[in-house]
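The primary structure of each chain is shown beneath.
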Amino acid sequence: MLDIKFIRDHLELVKDSLKKRHSNIEVEYALSLDAKRVSLIQKIESLRTERNVIGKAKTLDPANQKRGREIKEELKMIEPELVAVESELTAALSEIPNIVLSAVPVGKDETENVTVRKWGEPTKFSFTPKDHIELGKLHDWIDFERGAKVSGSQFYYLKNEMVLLEQAVVRYALDFLIEKGFAPVSTPDLARSRYYLGTGYNPKGPEAQIYTIDGEDLGLIATAEV
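Residues numbered from 1 in each chain as written. Predicted model: local features only at pLDDT ≥ 70, side-chain atom pairs only at ≥ 80, totals over all residues. Heavy atoms only, no water.

Engineer: Give a description of the overall build of the chain that names residues and reports values.
Structural biologist: Along its length, the chain carries eight helices and four strands. Counting from the amino terminus, the chain carries its helices and strands in the arrangement α-α-α-α-α-β-α-β-α-β-α-β. Computed over the C-alpha atoms, the radius of gyration of the chain is 28 Å, more than 25% above the 17 Å expected from 2.2 N^0.38 for a compact globule of 226 residues. Sequence separation of at least 24 residues holds for 58% of the intrachain contacts in the chain that already meet a minimum separation of 6. Carbon together with sulfur atoms contributes 56% to the accessible area of the chain, which is approximately 17900 Å² in total. Taking the 32 positively charged and 37 negatively charged side chains of the chain as two groups, their mean positions are separated by 4 Å. (Helix = DSSP H or I, 4+ residues; strand = E, 2+ residues; numbered from the N terminus. Rg over C-alpha atoms; globule rule 2.2 N^0.38 Å. Contact = heavy atoms within 4.5 Å. Areas by Shrake-Rupley, 256 points an atom, 1.4 Å probe, with all protein chains shown as cover. Lys, Arg positive; Asp, Glu negative; His and termini not counted. Charge placed at Lys NZ, Arg CZ, Asp CG, Glu CD.)

Following this line, the structure appears as structure tokens:
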């Protein structure tokens, strides 16, 4: 999530990055919320300062008492408004993606992706090769039907040798990283929102698929960055 100060100080850079992404996000909306937030904070601080001055007064002036009650009522109205604006600003900022690297080529879609490098040559078969789905079904490695029945479409069970292969690849990756000096860590499956949002997982509205726990500030971690 981009910091609002960064957006204010580098507005044209942010706009240019959004343009490169073909995004229609209005960054000015976040800036208007931020301006409103700053204005509300200034009002609240001014009222609290005035209240402190009145509270330190030695005499019980009826006018001061009246003003003290007015300040209390004003704060009761403004403070919840600030909370709402800050929440709205956070949501708006979460929609603004990170800045595109200058080295990344700009294109209208994936058809204009640029090949960075190639290695080796594709294997040429003397027969029509089967894809992973056909091979998985043929050798009883993948069960799509039971996966869809339990979890819905796009889910599956891995079975038999495919499970062993998956675990072998995981272990190979761990051994490789340990040799490079990394320490293996098994993390919690749940995290507070500040962590899965703060590590770059930006939701895109209701379709963001952040699975949260009702009544708790906890959600299932989505990616390894968390």
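Engineer: So what's going on with helix α4 (residues 62-94)? Which residues, and what values?
Structural biologist: Helix length check: α4, at 33 residues, gives a terminal C-alpha distance of 48 Å against a target of 48 Å (1.5 Å per residue), a fit within 8%. For α4, every residue scored as buried is listed here: I71, L75, I78, L82, V85, L89, A92, L93 and S94. Structurally, the start of α4 carries an N-cap: the backbone nitrogen of A63 is 2.9 Å from a side-chain oxygen of D61. (Expected span 1.5 Å × (residues − 1). Buried < 20%, exposed > 50% of the residue type's maximum accessible area, 1.4 Å probe, protein only. Polar contact = N/O pair within 3.5 Å; in protein donor to acceptor, adjacent residues only side chain to side chain.)

Engineer: Would you mind going over the packing of helix α2 (residues 11-20) against helix α3 (residues 27-56) in detail, with residue names and values included?
Structural biologist: At a minimum axis separation of 10 Å, α2 and α3 run at an interaxial angle of 145°. Taken together, the residues of α3 that come into contact with α2 (itself represented by L11, V14, K15 and L18) are V27, E28 and L31. A per-class count over the contact of α2 with α3 returns five nonpolar, no polar and two charged. (Axes fitted to C-alpha atoms, helices over the stretch in contact; angles between N-to-C directions. Nonpolar A, V, L, I, M, F, W, Y, C, P; charged D, E, K, R; others polar.)

Engineer: Before we move on, can you summarise the environment of L13 with the specific residues and values?
Structural biologist: Looking at the secondary structure, you find L13 in helix α2. Along the primary structure L13 and V100 are separated by 87 residues, whereas in three dimensions their C-alpha atoms are 9.5 Å apart. When neighbours within four sequence positions are excluded, L13 is seen to be in contact with F6 and I99.

Engineer: A description of the nonpolar core should follow, citing residues and the corresponding values.
Structural biologist: In terms of nonpolar packing, the biggest core is built from 12 residues, these being L2, I4, I7, V14, L18, V27, A30, L33, L89, A92, L93 and I96. Broken down by secondary-structure element, the contributors of at least two residues to this core are α1 (4-9), α2, α3 and α4. Other than its neighbours up to four places away in sequence, I7 contacts L2, V14, V27, L31, L93 and I96. Counting residues in each nonpolar core, the second largest holds eight residues, with L40, I44, L47 and I71 among its members. (Core = buried A, V, L, I, M, F, W, Y, C linked by side-chain atoms within 4.5 Å.)

Engineer: Tell me what's going on with a nonpolar patch on the surface, and back it up with residues and numbers.
Structural biologist: A cluster of nonpolar residues, Y172, F176, L177 and F182, forms a patch on the protein surface that exposes about 460 Å² of accessible area. Relative to the helices and strands, F182 is located in the loop between α7 (161-179) and β3 (190-191). By relative accessible area, F182 is classed as exposed at 55%. (Patch = residues over 30% accessible without salt bridge, like charges linked within 9 Å, V, L, I, M, F, W, Y side chains within 5 Å. Salt bridge = Lys/Arg side-chain N within 4 Å of Asp/Glu carboxyl O.)

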